[in-house]
Amino acid sequence: MIVLGIDIGGSATKGALVNTETGEFLSDKIRFGSKKIQKPKQIIKAIKNIAAELQYDGIIGAGFPGIVKNGVIKTAANLHKDWVGANLAEMIHAETGQKAFILNDADAAGMGEMRFGGDAIRSMDTALFLTIGTGIGSALFVKGHLLQNTELGHMLVNELEAEVYASAAVKRIEQLTWKQWATRFNEVLKTYEFLLNPDIFILGGGVSARFEKYARYLTVETEVVPAKLENRAGIIGAAMAAQENLN
Ligand code: BGC
């Protein structure tokens, strides 16, 4: 089935048509970015524009960077506070006439990676998928089942929230070298390893494509691998989730 997958991020809303059986993109990735913190109206408009640009008419899956329950946004650490309490599924429906399924962005990306990222990660008892961008998102899988809305990016590491200490945005803003950033990120992994003991860490988001730049600085005992789908995972997982939940 062809489904429009949307990945809402701190700095841009991206979308593409996805073949939910193969995980392939069937269109270009369309991106609406902004330097300003985005309010609901602006993002709903971006989603409508993405659908129009792709001449798409059908169900929509969207990953959102916050806790999501039944289509309603519960937290929005890196977006406008007007998001809290907004029913994103209903808003998309009102704007486009299409049914929408919403889930946390890291949960969406983790689902995409678990399905299409290869057998090695699927065979693990406990897998912790992390997406590193404006924030740090987490998706914890136990025997293939997702524990939703885990929010490990807000766990304290050296008295700071993990994502305030070691997100990709922090690397850019503080102009950290790969070594400096990875040394911080390694502390984040150590904290997660100590408390959760996963069998594997899978790293998604923009930095997944640059794994060779910092892999040597990650000294946790747990195996660490970059996401095979790189930063396409969020869009693919969102489309999959819509197909599974709305049909
Ligand atoms: C949000 C998470 C999200 C992560 C990555 C965090 O600030 O609280 O829900 O998954 O950023 O976007």
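Residues numbered from 1 in each chain as written. Predicted model: local features only at pLDDT ≥ 70, side-chain atom pairs only at ≥ 80, totals over all residues. Heavy atoms only, no water.

Draft legend 1. Focus on the sheet that holds strand 15 (residues 223-226). Reading across the sheet, the 5 strands line up as 11-10-9-14-15 and stay open at both edges, with mixed pairing between neighbours. A strand with exactly one partner marks an edge of an open sheet, and here the two such strands are strand 11 (145-147) and strand 15. The mean angle between the axes of side-by-side strands here comes to 25°, regardless of whether they run parallel or antiparallel. Where strand 14 (residues 200-204) and strand 15 come together, 4 bridges link them in parallel fashion. Paired with Leu-203 across the two strands is Pro-226, which belongs to strand 15. In the packing of helix 3 (residues 105-116) onto the sheet, the strands contacted are strand 9 (126-132), strand 10 (136-142), strand 11 and strand 14, and the crossing angle to strand 10 comes to about 50°. Packing against the sheet, helix 7 (residues 178-196) makes contact with strand 9, strand 10, strand 14 and strand 15, and its axis sits at approximately 150° to strand 9. (Pairing = 2+ DSSP bridges. Helix = DSSP H or I, 4+ residues; strand = E, 2+ residues; numbered from the N terminus. Axes fitted to C-alpha atoms, helices over the stretch in contact; angles between N-to-C directions. Contact = heavy atoms within 4.5 Å.)

Draft legend 2. Structural context of helix 1 (residues 40-53). Taking 1.5 Å per residue, 14 residues should reach 20 Å; helix 1 reaches 20 Å between its end C-alpha atoms and fits that length. Of the positions making up helix 1, those classed as buried are Pro-40, Ile-43, Ile-44, Ala-46, Ile-47, Ile-50 and Ala-51. Angular distribution of buried residues about the axis of helix 1 spans 155°; they occupy a single face of the element. Facing away from the buried side of helix 1 by more than 90 degrees, the exposed set consists of Lys-41, Lys-45 and Ala-52. Positive backbone phi, at 50°, marks Gln-55, one or two positions downstream of helix 1. (Expected span 1.5 Å × (residues − 1). Buried < 20%, exposed > 50% of the residue type's maximum accessible area, 1.4 Å probe, protein only. Arc of directions from axis to C-beta.)

Draft legend 3. Fine view of the domain arrangement of the chain. As far as domains go, the chain holds domain 1 (2-107 + 233-246) and domain 2 (118-227). One C-alpha centre belongs to domain 1, the other to domain 2, and the line joining them spans 23 Å. Opposite the 11 residues of domain 1 that make contact, domain 2 presents 14 residues. Summed over both partners, the interface of domain 1 with domain 2 buries about 910 Å², with 50% contributed by carbon and sulfur atoms. Broken down residue by residue, the surface that domain 1 buries against domain 2 is led by Asn-78, Ala-106 and Asp-107, which jointly contribute 53%. Linking domain 1 with domain 2 are 0 salt bridges, by the criterion used here. At the junction of domain 1 with domain 2, the criterion picks out 3 residue pairs in polar contact (both at pLDDT 80 or more). Its residues assigned to classes, the side of domain 1 that touches domain 2 shows 4 nonpolar, 5 polar and 2 charged. (Domains from an automatic or database assignment. Buried area = accessible area lost by both parts, 1.4 Å probe. Salt bridge = Lys/Arg side-chain N within 4 Å of Asp/Glu carboxyl O. Polar contact = N/O pair within 3.5 Å; in protein donor to acceptor, adjacent residues only side chain to side chain. Nonpolar A, V, L, I, M, F, W, Y, C, P; charged D, E, K, R; others polar.)

Draft legend 4. Unusual backbone geometry, seen in detail. Phi at Gln-55 is positive, roughly 50°, even though this residue is not glycine. Within the fold, Gln-55 resides in the loop between helix 1 and strand 5 (60-64). Here Gln-55 falls in the exposed class, since its relative accessible area comes to 75%. Of note, the phi angle at Gln-175 is positive, near 50°, even though the residue is not glycine. Position of Gln-175 relative to the elements: it lies in the loop between helix 6 (168-173) and helix 7.

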